[in-house]
Amino acid sequence: MGMFGLQASGAAASWMVGRMGTDAHLYDDPEDAALPALLDSRFDGDKVDALKRLLALIAQGVDVAHLFPQVVKNVAAQSLEVKKLVYLYLLHYAEKRQNEALLSINIFQKDLSDINPLVRAWALRTMAGIRLHVVAPLVLVAVKKCARDPSPYVRKCAAYALCKLYDLLPEENTTLEEVVDVLLGDSSSGVVGAAAVAFNSVCPNGLALIAKHFRKLCETLPDIEEWYQITLIEILLRYVIARHGLVKESAIFASNLSLEIQGGKDSVPVDNMSCTQAETIVNGACGTLSSMTLLRHYIDEYSACSDGEGDKIRSPSVTNSTNDDVTILLKCTSPLLWSQNSGVILAAASVHWIMAPVQEVKIIVGPILFTLRSSPDATYVMLGNILVFAKTAPLLFAPYYEDFFICSSDPYQTRALKLEIITTIATESSIPAILEEFQDYIKDPNRRFVADTVAAIALCAEKLPSVTSTCLEGLLALVFYESSIANSVHLDGEDVVLVQAILSIKAIVKIDAACHEKVIIRLVRTLDVIKEPAARSLIIWIFGEYSSTGNLIPRIAPAVLKYLAWSFAAEVIETKLQILNTCAKVIIHAAEEHLQEFKRIVAYVIQLAACDLNYDVRDRARFLSGLLPCCANENDSSCRSQNADVCKELADHIFDGKIPSASNSDSNYRIYLPGSLSQVVLHAAPGYAPLPKPQSMVLIHKTMEPTRGVANSSDSNNSDAESGSSANESGSLYDSESEGGGLSDRDGTGSKQYSNDDGHNLHRQEGNQEAPLVNMYDGSVGQGHAGQDDENLASLISTDLTELMSKSALESWLDEAPTTPLVQNSIQASCARVSFTTRSFERKPKLHVLLDPSDSNGLSVLYAFSSEVSPNSRLLVCIDLFVENVTPDQLADITIKSEEASTSEHGMETSEESASIPTLVPMEEIQSLAPQQTAKRVLQVHFHHHLLPMKLSVFCNGKRHPAKLHPDIAYFVRPLPMDLNAFLCKENQLRGMFEYARRCTFKDHLQNPEHTEESADNTDKNLLVAQSLASKLLSNANVQLVSMDMPVTFSIDDTSGLCWRFSSEILSTSNPCLITVVAEGHASGPLDLTVKVNCEDTVFGLNLLNRVVAIIE
């Protein structure tokens, strides 16, 4: 015990030492000091302490805007620390207190002439951060002045201010470009990096500005900060392509791409390669992506060109690798290939991939492979780009196949990419080692990964015919092994591996079925063992497809067909349908000696199918009996008619039709620029822009038209993407309060009535009409409608946003917005939306102890948060109090008062509106309370913080009993009525930084005895789970249930895709707060839930997300 006590005291001492000399104590109790008095102090130390406490309160989500006047007057302080803290406070509250912020503009302008460069930089940064249209012209003058400041730090802040100023003054585009031009020519590398960021924001099309600075920018490139290097590399690459075009010797433009690495067993030196050797490599090991495919995806100008039109764009759009600008760019980006930043390496590699000659592209291999040893996230991004490189030039990475072997710590997404890369770069010399590695992967416990490995084996066999027999033997052995396991012990995922193994055999056999008829026979013999319906259907399909192939399969056809007829009645629906199709195929290709026997078997199978319980099977049987009358009945007179010939020809066309080969498989493969976000997410992310048209700047140099900052006609294809970028940047500038209020006014047309009875069951009815209980709809159609109806979306967007964004930018932003939400199951094709009226749910709020009878002489006080809206103020939270007398004596004069009522005088209120609102509305006093009697009262409380408890005093019989009332952030919101379309539209606006998600587990549906009893009566389990979670969340949070989406599935136990949507708005700001919950798993076990909150208030949204997760778990 002594040792443990020593360890505990040592840990406490270490904790105290760690907090010494820091400001961590400010977060312990930031409201314990008289902040207004400290702000008015004559000593700078007191002011610093008060300002730090204010910033600590802001970090915790407390609104301290009411202290704005006291803080602003300290902006003229001489202390640098005080001035810096005041600037931080002003940046946070300038938009809320615009009039007071304008009073400090004179101080900012005075500070712009201060001798200290830090003060000048802080003043400029604060002026640009205020973001008021009235101040914008003054900020523009300040930026032009600071762009020529002697201090590099001030000039760097001027570059950052340009990005913020462009959104406020888009009409001053020419003036802003002049400032960017000045900053690009700066001698400081830090300023140049910030100027590159400003260039992308202000004039991404003004590549003519780069012309006179190009060589200097290339020389400065290795010296600037890492993240600025990525931006500047992109700008320089776009300039070279727009000015000079593509390099005709480059990998992207070469018509016959034959990349080789010297030193590999299969490699041939590029310089010493003869024409015959080059042709052999190109034809035998070229990539699946052609050069024209890369051009179509990298350059939007060529998106409509086909592979045969490459010569049309060659002559006017290419340059030589000896071009001075191209040589300088490649030379300056070569050292960056060994940067410590993976993003810089990828950006430099993309320059060499697009512009370097074929012989020099191999220098990117080593640095790219080196980044695979970094973090898992960087590895995943790099593998996605390597996959594109490998599909274009497989031999570039072929000697390094071992670098792509799977590690035990790799996540599934990384493993899938590595498998695809390995199959792409596999060669004759490396395939033995690769197949040996695949044997270890098959033993992995992750059966989904094992199924991917089996699919990769089939791809290797298709690519390299020399290993076809080896792969087939291994796959057959795997089928026998998996089928034996499936029959003995049922494990999750084993069926997936078995089905994938048969699919792989099917893909290999399709290449040359005649040579693999013994494989087909061995596979058919496993029908007695394999019980998985999908696997049996695949084997039956293979048998029917190749029933007339070779000499052995036709001999066993009668026996197989008899077995299928014998087992027909016991099969599942999909297997029965496949048996019927197989019967038709067999009888079409049957020889004369077996025709009569086949007819009897087929007639028997059709008779069984005609009496089947499933209507699909019955319809298929009737269809076959009408399509194959000659095969079904030999004596039928229609068989000798001309109609029989037509039916025979139609049957041959349906069941003997050859599936066209997917020759243009790369046409649907989505490729984006290397290193871009779009290449990671595989869709055009907001702000993505392809490369400019090669040599599009020639017209600019030949004409005298002033086109700086304005996209000409040749750049029309890029305008949409650029406008999408600007829209994405300005999308966070709209007035959240006005939009939240507008949405509430539009949707809140129905009146809301609240009632609270003594049984603590709260019911709410909106309007006088009851919504339908269940609405069926196609989920994809609904989402498409919400995303395509531009007029409805435009009507829901606030006027402030439409003022900041042009019409074309807004349309581009809407089109480029990601169509798949953070938590959405895209597998479900349709779903049933269950819209419950609130009468279907009982709200059972949780009771908390405010005063324990053991501490108060027998007075018990319990409280529960109520969903009622206070008639006095929207900032007040209603709480139901239940006062009970557990003593044998009568209690009198029971009332509750707040100990914090006087704090309003010290400035602890949240806003001016709440200045007149008391912390606690006086409660009706209970004159007397008989023994064992319970009284109910409603307490209206104004919480100042969502985490700190409120100190109360309970008075009874003249005695005071202290108590603490703990807040619940789930009741700091009120229900916001809206329909599903309005919810989806608002959710689409609150993405990115306004979206927060967490995963949790839900088990309440398993603990409910009613759920267990009802499930035994074939009650919809999805409905029970939906009711259980919705009831729990509505009982513990003051939110509105918008919709519940129930997936349509054949398995009644499958709840994957079940989705709840709740809407609310914050009491203090009226900003909308949306909650989405998506379930995965089965109703018979714990559910994995993904909870997402969309809210403009970051601190409030994160705290609400944590509270919702705690309620669910």
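Parameters at a glance
- Residues numbered from 1 in each chain as written.
- Predicted model: local features only at pLDDT ≥ 70, side-chain atom pairs only at ≥ 80, totals over all residues.
- Heavy atoms only, no water.
- Helix = DSSP H or I, 4+ residues; strand = E, 2+ residues; numbered from the N terminus.
- Buried < 20%, exposed > 50% of the residue type's maximum accessible area, 1.4 Å probe, protein only.
- Contact = heavy atoms within 4.5 Å.
- Areas by Shrake-Rupley, 256 points an atom, 1.4 Å probe, with all protein chains shown as cover.
- Core = buried A, V, L, I, M, F, W, Y, C linked by side-chain atoms within 4.5 Å.
- Expected span 1.5 Å × (residues − 1).
- Salt bridge = Lys/Arg side-chain N within 4 Å of Asp/Glu carboxyl O.
- Pairing = 2+ DSSP bridges.
- Phe/Tyr/Trp six-rings, centres within 6.5 Å; stacked < 30°, edge-to-face > 60°.
- Lys NZ or Arg CZ within 6 Å of the ring centre and 35° of its normal.
- Axes fitted to C-alpha atoms, helices over the stretch in contact; angles between N-to-C directions.
- Parallel < 35°, antiparallel > 145°, perpendicular 65-115°, else oblique.
- Nonpolar A, V, L, I, M, F, W, Y, C, P; charged D, E, K, R; others polar.
- Patch = residues over 30% accessible without salt bridge, like charges linked within 9 Å, V, L, I, M, F, W, Y side chains within 5 Å.

A.B. asks: How should the overall build of the chain be read in this particular structure?
C.D. replies: In terms of regular secondary structure, the chain is built from 46 helices and 20 strands. Counting all 1113 residues of the chain, 51% fall into the buried class. Long-range contacts, defined here as pairs at least 24 residues apart, represent 71% of the contacts in the chain between residues at least 6 apart. With the model as given, the accessible surface of the chain reaches about 51,100 Å², and the carbon-plus-sulfur share is 52%.

A.B. asks: I'm lost on the nonpolar core in this one. Help?
C.D. replies: If you look at soluble globular proteins, the nonpolar side chains tend to sit buried side by side. One finds Tyr298, Met355, Phe397, Phe404, Phe438 and Ile502 to be the most contacted residues of the largest nonpolar core, which totals 219 residues. Each residue touching Met355, except ones within four places of it in the same chain, is listed here: Leu237, Val240, Ile241, Gly245, Leu246, Val247, Ser250, Val326 and Leu330. Counting 70 residues, the second-largest nonpolar core is a separate cluster that includes Met923, Leu965, Trp1060 and Leu1105.

A.B. asks: What is the right way to read helix α21 (residues 412-425) from this model?
C.D. replies: Helical geometry note: an α-helix holds 3.6 residues per turn, so side chains three or four residues apart project in the same direction. Across its 14 residues, α21 extends 20 Å between first and last C-alpha, which sits within 8% of the 20 Å expected from 1.5 Å per residue. For α21, a buried count of 11 out of 14 residues is recorded, marking the element as mostly surrounded by other parts of the structure. Within the span of α21, buried status applies to Tyr412, Thr414, Arg415, Leu417, Lys418, Leu419, Ile421, Ile422, Thr423, Thr424 and Ile425. Contact partners of the buried residues in α21: α20 (376-392), α22 (431-441) and α23 (447-463).

A.B. asks: Teacher, can you tell me more about the pattern of salt bridges here?
C.D. replies: Under the criterion given, the structure shown has 26 salt bridges. A salt bridge links Asp111 to Lys83; the shortest N-O distance between them is 3.4 Å. Highlighted residues: Asp111 in helix α7 (residues 105-111) and Lys83 in helix α5 (residues 80-93), separated in sequence by 28 residues. What makes Asp111 buried here is its relative accessible area of 6%. You can call Lys83 buried: its relative accessible area is 5%. Glu571 serves as the salt-bridge partner of Arg536, at 2.5 Å between the closest nitrogen and oxygen.

A.B. asks: Would you explain the pairing of strand β18 (residues 1059-1066) in this entry?
C.D. replies: In the case of a regular strand, side chains alternate between the two sheet surfaces. Burial of β18 is extensive: 8 of the 8 residues sit out of reach of the surface. Sheet analysis places strand β15 (residues 973-975) next to β18, joined by 3 bridges and oriented antiparallel. Opposite Val973, over in β18, you have Ile1066 as the bridge partner. Across 7 bridges, β18 lies against strand β19 (residues 1072-1080) in antiparallel orientation. Bridge pairing links Cys1059 to Val1078 in β19.

A.B. asks: Could you clarify how one ought to interpret the side chain of Asn385 in this entry?
C.D. replies: Summarising the element assignment, Asn385 is placed in helix α20. Given the relative accessible area of 2%, Asn385 is considered buried. If we skip the residues at most four places from it in the chain, Asn385 touches Leu346, Leu673, Pro674, Gly675 and Gln679.

A.B. asks: Explain the environment of Ser856 to me, please; I cannot follow it from the model alone.
C.D. replies: The topology assignment puts Ser856 in the loop between β7 (848-851) and β8 (859-869). Taking the C-alpha atoms as reference points, Ser856 and Val954, 98 residues apart in sequence, are found 9.0 Å from one another. Among residues more than four places away in sequence, those in contact with Ser856 are Leu851 and His961.

A.B. asks: Which parts of the structure should I look at to understand the packing of aromatic side chains?
C.D. replies: To describe a pair of aromatic rings, one takes the distance between the centres and the angle between the planes. As enumerated under the stated definition, the model contains 14 aromatic pairs in all. Ring centres of Phe397 and Phe404 lie 6.3 Å apart, and the angle between their planes is 75 degrees; on these two criteria the pair is classed as edge-to-face. Across the pair, Phe404 and Phe397 agree in class, each one buried. Aromatic side chains Tyr441 and Phe449 sit 5.5 Å apart centroid to centroid with 50 degrees between the ring planes, which places their arrangement in the tilted category. Each member of the pair, Tyr441 as well as Phe449, carries the same accessibility label: buried. Three or more aromatic residues joined by ring pairs form one cluster here, namely Phe68, Tyr89 and Tyr93. One cation-aromatic arrangement involves Lys506 over Trp541; the distance from NZ or CZ to the ring centre is 4.3 Å.

A.B. asks: For this particular structure, what's the right way to read the packing of helix α29 (residues 573-588) against helix α31 (residues 615-627)?
C.D. replies: Axes are the key here: two packed helices are described by the angle between their axes and the distance separating the axes. It is at 10 Å that the axes of α29 and α31 come closest, and there the two elements cross at 5 degrees. Classed by the angle they form, the pair α29 and α31 counts as roughly parallel. Packed against α29, whose contacting residues are Ile573, Lys576, Leu577, Leu580, Asn581 and Ala584, the element α31 presents Asp616, Val617, Arg620, Ala621 and Leu624 at the interface. Considering only residue class, the contact of α29 with α31 consists of 7 nonpolar, 1 polar and 3 charged.

A.B. asks: What is the right way to read the pairing of β19 from this model?
C.D. replies: Most of β19 is tucked away, with 8 of its 9 residues classed as buried. Adjacent in sequence and paired antiparallel, β18 and β19 are bridged by 5 residues, among which Ser1070 carries a positive phi angle near 65 degrees. The pairing of β19 with strand β20 (residues 1087-1095) spans 8 bridges and is antiparallel. Residue Val1078 lies in a different strand from β20, and its bridge partner there is Thr1090. If you look at the hairpin formed by β19 and β20, you'll find 6 residues sitting between the two strands, and Gly1081 has a positive phi there, around 125 degrees.

A.B. asks: I would appreciate a short explanation of α20 in the present structure.
C.D. replies: The first and last C-alpha atoms of α20 sit 25 Å apart over 17 residues, in line with the 24 Å expected at 1.5 Å per residue. A large share of α20 lies buried, amounting to 13 of its 17 residues.

A.B. asks: Would you explain a nonpolar patch on the surface in this entry?
C.D. replies: On the surface, a nonpolar cluster with roughly 260 Å² of combined accessible area is contributed by Phe623, Leu650 and Ile654. Note that Ile654 resides in helix α33 (residues 642-655). For Ile654, a relative accessible area of 42% gives the class partly exposed.

A.B. asks: Would you mind going over the packing of helix α10 (residues 152-168) against helix α12 (residues 189-202) with me for this structure?
C.D. replies: It is at 9 Å that the axes of α10 and α12 come closest, and there the two elements cross at 10 degrees. By the angle between their axes, α10 is roughly parallel relative to α12. Contact residues: Pro152, Arg155, Lys156, Ala159, Tyr160, Leu162, Cys163 and Tyr166 in α10; Gly190, Val191, Ala194, Ala195, Val197, Ala198, Ser201 and Val202 in α12. Class assignment of the residues belonging to the contact of α10 with α12 gives a composition of 12 nonpolar, 2 polar and 2 charged.

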